[in-house]
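Fold and contact review
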Amino acid sequence: MNTSSSVGLDSRLLQRLDKSGPRYTSYPTADRFNERFNPQDYELALKTRAEGLAAGSAIAPLSMYVHVPFCESVCYYCACNKIVTRDHTRAAKYLDALELEVDLHLRAWGQPQQASQLHLGGGTPTFMSDLEISRLMAILRRAVEFSSNAEMSVEVDPRTVTPQRLANLAEMGFNRISFGVQDFDEQVQAAVHRLQPFESVQGLMESARSLGYGSINMDLIYGLPKQTPDSFAKTLGQVAQLRPDRIALYGYAHMPERFKPQRRILTPDLPTSVQRISMLEQAINRFRAEGYDYIGMDHFALPDDSLAVAKRQGKLQRNFQGYSTQPDCDIVALGVSAIGRVGNSYSQNAKTLDQYLAALRQGRFPTEKGLWLSSDDLIRRTVVMALMCQGRLDFELIEKTCGITVTSYFKPELARLQAMQEEGMLVIEPRAVQLTPLGWHFVRSIAMVFDRYLH
Ligand code: SF4
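Residues numbered from 1 in each chain as written. Predicted model: local features only at pLDDT ≥ 70, side-chain atom pairs only at ≥ 80, totals over all residues. Heavy atoms only, no water.

1. Considerations on the overall build of the protein
In terms of helices and strands, the protein carries 18 helices and 19 strands. The C-alpha atoms of the protein give a radius of gyration of 22 Å, which matches the 23 Å a tight globule of 455 residues would have. By its C-alpha atoms, the protein is 55 × 55 × 40 Å across when sized along the principal axes. Counting across all 455 residues of the protein, residues that qualify as buried make up 56%. For the protein, restricting intrachain contacts to residue pairs at least 6 apart in sequence, the fraction spanning at least 24 positions comes to 73%. For the protein, the accessible area works out to roughly 19,100 Å², and carbon and sulfur atoms hold 51% of it. The positive charge centre, built from 50 side chains, and the negative charge centre, built from 50, are 3 Å apart in the protein. (Helix = DSSP H or I, 4+ residues; strand = E, 2+ residues; numbered from the N terminus. Rg over C-alpha atoms; globule rule 2.2 N^0.38 Å. Buried < 20%, exposed > 50% of the residue type's maximum accessible area, 1.4 Å probe, protein only. Contact = heavy atoms within 4.5 Å. Areas by Shrake-Rupley, 256 points an atom, 1.4 Å probe, with all protein chains shown as cover. Lys, Arg positive; Asp, Glu negative; His and termini not counted. Charge placed at Lys NZ, Arg CZ, Asp CG, Glu CD.)

2. As for the environment of Tyr 27
By the secondary structure assignment, Tyr 27 is in the loop between helix H2 (11–17) and helix H3 (39–54). For Tyr 27, a relative accessible area of 0% puts it in the buried group. Taking the C-alpha atoms as reference, Tyr 27 lies 10.0 Å from Arg 452; in sequence the two are 425 residues apart. Ignoring any residue separated from it by four or fewer positions in sequence, one finds Tyr 27 in contact with Tyr 346, Leu 373, Asp 377, Arg 380, Arg 381, Val 384, Met 385, Phe 450, Asp 451, Arg 452 and Tyr 453. Among the polar contacts listed, one links the side chain of Tyr 27 to the backbone nitrogen of Arg 452, at a separation of 3.1 Å. (Polar contact = N/O pair within 3.5 Å; in protein donor to acceptor, adjacent residues only side chain to side chain.)

3. What to know about the pairing of strand E9 (residues 293–296)
With three bridges joining them, E9 and strand E10 (residues 299–301) adopt antiparallel strand pairing. The residue bridging Asp 293 from the neighbouring strand is Ala 301, located in E10. Here E9 hands over to E10 after two residues, with Met 297 in that stretch at a positive phi of 50 degrees. (Pairing = 2+ DSSP bridges.)

4. Quick word on the sheet that holds strand E19 (residues 432–435)
A sheet is described by the order of its strands in space; here three strands give the open sequence E17-E19-E18, paired in antiparallel fashion. Looking at strand neighbours, the two that pair on one side only are strand E17 (392–394) and strand E18 (426–429), the edges of this open sheet. The mean angle between the axes of side-by-side strands here comes to 15 degrees, regardless of whether they run parallel or antiparallel. As paired strands, E17 and E19 are joined by three bridges and run antiparallel to one another. Considered in E19, the bridge of Asp 394 is made with Ala 432. In the packing of helix H14 (residues 395–402) onto the sheet, the strands contacted are E17 and E19, and the crossing angle to E17 comes to about 60 degrees. Docked against the sheet, helix H16 (residues 411–422) engages E18 and E19, running at close to 135 degrees with respect to E18. (Axes fitted to C-alpha atoms, helices over the stretch in contact; angles between N-to-C directions.)

5. Describing the domain arrangement of the protein
With domains assigned, the protein is organised as domain 1 (33–334) and domain 2 (374–455). When each unit is reduced to the centre of its C-alpha atoms, the spacing between domain 1 and domain 2 is 28 Å. Contact residues are listed per partner, giving 13 residues for domain 1 and eight residues for domain 2. Taking both partners together, domain 1 and domain 2 bury about 850 Å²; carbon and sulfur atoms supply 65% of that area. (Domains from an automatic or database assignment. Buried area = accessible area lost by both parts, 1.4 Å probe.)

6. With respect to the packing of H3 against helix H4 (residues 89–109)
The geometry of H3 relative to H4 is characterised by a closest axis approach of 8 Å and an angle of 50 degrees between their N-to-C directions. Taken together, the axis directions place H3 and H4 in an arrangement best described as oblique. When the axes of H3 and H4 are compared, the crossing they make is right-handed. Every residue of H4 that contacts H3 at Tyr 42, Glu 43, Leu 46, Lys 47 and Ala 50 is listed here: His 105, Ala 108 and Trp 109. Counted by class, the contact of H3 with H4 contains five nonpolar, one polar and two charged residues. (Parallel < 35°, antiparallel > 145°, perpendicular 65-115°, else oblique. Left-handed = near helix turned anticlockwise from the far one by under 90°. Nonpolar A, V, L, I, M, F, W, Y, C, P; charged D, E, K, R; others polar.)

7. A word on the confidence of the model for the protein
With 97% of its residues at a pLDDT of at least 70, the protein reaches an overall mean of 93. Here residues 1–6 is modelled with pLDDT under 50, and outside its nearest four sequence neighbours on either side it reaches 24 contacts, counting other chains as well. (pLDDT = per-residue confidence, 0-100.)

8. A look at H16
End to end, H16 covers 18 Å across twelve residues, agreeing with the expected 16 Å (1.5 Å per residue, within 8%). The complete set of buried residues in H16 reads Glu 413, Leu 414, Leu 417 and Met 420. Down the axis of H16, the buried side of the element spans an arc of 95 degrees, and every buried residue falls inside it. Residues Lys 411 and Glu 422 are exposed on H16 and point more than 90 degrees away from its buried face. Packing partners of the buried residues in H16 comprise helix H13 (375–390), H14, helix H15 (406–409), E18, E19 and helix H18 (443–448). Backbone geometry just after H16 places Gly 424 at a positive phi near 85 degrees. (Expected span 1.5 Å × (residues − 1). Arc of directions from axis to C-beta.)

9. Concerning the packing of aromatic side chains
One pass over the full model with this rule turns up 15 aromatic pairs. Judged by centre distance (6.0 Å) and plane angle (65 degrees), the rings of Phe 287 and Tyr 292 are edge-to-face. By the burial criterion, Phe 287 is buried, and Tyr 292 matches it. Put simply, the rings of Phe 70, Tyr 94, Phe 127 and Tyr 356 pair up and form one aromatic cluster. Its end group placed over the ring of Tyr 323, Arg 318 keeps NZ or CZ at 4.6 Å from the ring centre. Directly above the ring of Tyr 453 sits Arg 452, whose terminal nitrogen or CZ lies 4.7 Å from the centroid. (Phe/Tyr/Trp six-rings, centres within 6.5 Å; stacked < 30°, edge-to-face > 60°. Lys NZ or Arg CZ within 6 Å of the ring centre and 35° of its normal.)

10. Considering unusual backbone geometry
Between Tyr 27 and Pro 28 the backbone carries a cis peptide bond, its omega angle lying at -5 degrees. Of the consecutive residues Gly 122 and Gly 123, the connecting peptide bond is found in the cis state with omega at 25 degrees.

11. Here's the deal with H13
Its 16 residues give H13 an end-to-end C-alpha distance of 22 Å, which sits within 8% of 22 Å, the value for a rise of 1.5 Å per residue. Along H13, the positions that sit buried rather than exposed are Asp 376, Asp 377, Ile 379, Arg 380, Arg 381, Val 383, Val 384, Met 385, Ala 386, Leu 387, Met 388 and Cys 389. Immediately beyond the C-terminal end of H13, within one or two residues, lies Gly 391, with a positive phi of roughly 70 degrees.

In structure tokens:
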């Protein structure tokens, strides 16, 4: 793994690393989607996929995503699309809507489709009771046949589950789990309105392991109110003790003008930028010392985890849920605000529950916006994803896939990479660009060079 010491991350570089930029879970990024892409476009994308499959064409495997927007209480750092409510009857009504949405897919496809992956995200998927999640699975199976080795994952808010609930989820077929932890310090948890004692997460981790869940992930955040390098060091020690297979470490971005819950965070409680950098550095060093591999962006995994194996084999992929081991998939996304990718299109559902429900009651897809990728978008997506996942641009491969000559098509971009080469982030070879261990930490900035919408 790359570390601050082995890759020479001095404080100047760490400061750059601590800046936000697109995460490139898609290219073009979701803020480029537009309303010219409508429900008919989405239906066309679905039908084209089904027709291609029926005709025996090579079609990307299918991954399903379901967004469950409800949360019982609000975390003050939250920037997600969620609905805070304690009224659990809303879940049943939401399932009625999901049923309509699934039926529209089945109608467009003509028959159920095979899928190799399911991800339940939110909000809080476990806001739903086990009975409701079981109903959701039955609804999905009307239109989708999950393969026997499908990856079935669920995001879990530790405050909403018990070991028994984890067992019930395993019984329903879930085999991957992701815990939202963020920080174990009580003061930090109080400052972000998310109290979850270490012991309860520890108990759940042990249960998840004994139930056979693989690739257990833990989300952490640095830069939260009341966090200090000392308190965060303690959290890192507790994380090391639990030893999740994967760790996602995000930097908190304070944008109270954009995200209402963040207005409850007091600015004087936020760590200084020097403290932020110190926490980032500590985390990178600690994960290295604990034997984690650096995957890319803000992700770490134990060397025997499938994500680390995929990275070593050059098979890493990237989608809206982050890094993935699955081959390049079409993603059918269900639920309010969900973002999907089918064929050469991206689409996003209505962002408010009222609009989402209204569209479905009128018998139409709740697609609010999206886009058809142009040939330039497709070429740049190939390049951006190669950088994000393999850390290497192999010109021959890109030329074969995209039908271009890299040195002429990307002449200005390659010129811009020179400065990054001088900083030691990459090496420009005659027929390739190779990220260095240092460059992997700045892969976002390197990919941004190829983002046409930013230039
Ligand atoms: S962080 Fe997660 S659990 Fe907390 S309010 Fe946001 S979506 Fe809900």
